[in-house]
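Here's the letter readout for the chains.
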Amino acid sequence: MTKTSVQFEMGNYEWVSERESVGFLGMTDLGEVPFLITADALCEMLNPELDGIDSETALETFVEFETDIHRIARREFVKRLGGEPPILITAADLE
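Because the structure is a prediction, the values reported are computed rather than measured. (Residues numbered from 1 in each chain as written. Predicted model: local features only at pLDDT ≥ 70, side-chain atom pairs only at ≥ 80, totals over all residues. Heavy atoms only, no water.)

> So what's going on with helix α1 (residues 39–46)? Residues and values would help.
Burial in α1 covers these residues: A39, A41, L42, C43 and M45. Taken together, the buried residues of α1 touch β1 (7–16), β2 (21–28), β3 (31–38), α2 (55–64), α3 (66–79) and β4 (87–89). (Buried < 20%, exposed > 50% of the residue type's maximum accessible area, 1.4 Å probe, protein only. Helix = DSSP H or I, 4+ residues; strand = E, 2+ residues; numbered from the N terminus. Contact = heavy atoms within 4.5 Å.)

> I'd like a rundown of the pairing of β2, residues and numbers included.
Of all eight residues making up β2, six are buried, and the element is well covered by its neighbours. Hairpin remark: β1 followed by β2, antiparallel, with four residues in the connecting loop; positive phi at E20, about 45°. Examined bridge by bridge, β2 and β3 share eight bridges and lie antiparallel to one another. Note on β3: the bridge partner recorded for L25 is P34. Counting the residues in the hairpin turn of β2 and β3 gives two residues. (Pairing = 2+ DSSP bridges.)

> Can you tell me about the pairing of β1, naming the residues and giving the values?
Two elements, β1 and β2, share six bridges in a ladder whose sense is antiparallel. When the bridges of β2 are listed, Y13 appears paired with F24.

Taken by themselves, the reported measurements are silent on function.
Below, the structure is given as structure tokens:
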């Protein structure tokens, strides 16, 4: 089995208030790569009908969908290789 380009540790996340996002780290052969997923993207995952969510709900949603978020983050990492960190995941990247 081949090793994925970026790996994640479950439960390693934090709220980043200045970016209104949940931050988490990916590990590559070259070191850590920071990722952010916006509260709007998390809101979209939770319920597209909502207008927004607060930081506590965003963190709860991150935990609920963490495996899916890591999968999306791997895909975005490959698509954006060479981009400047942090890799920002928005609602547009969920498709």
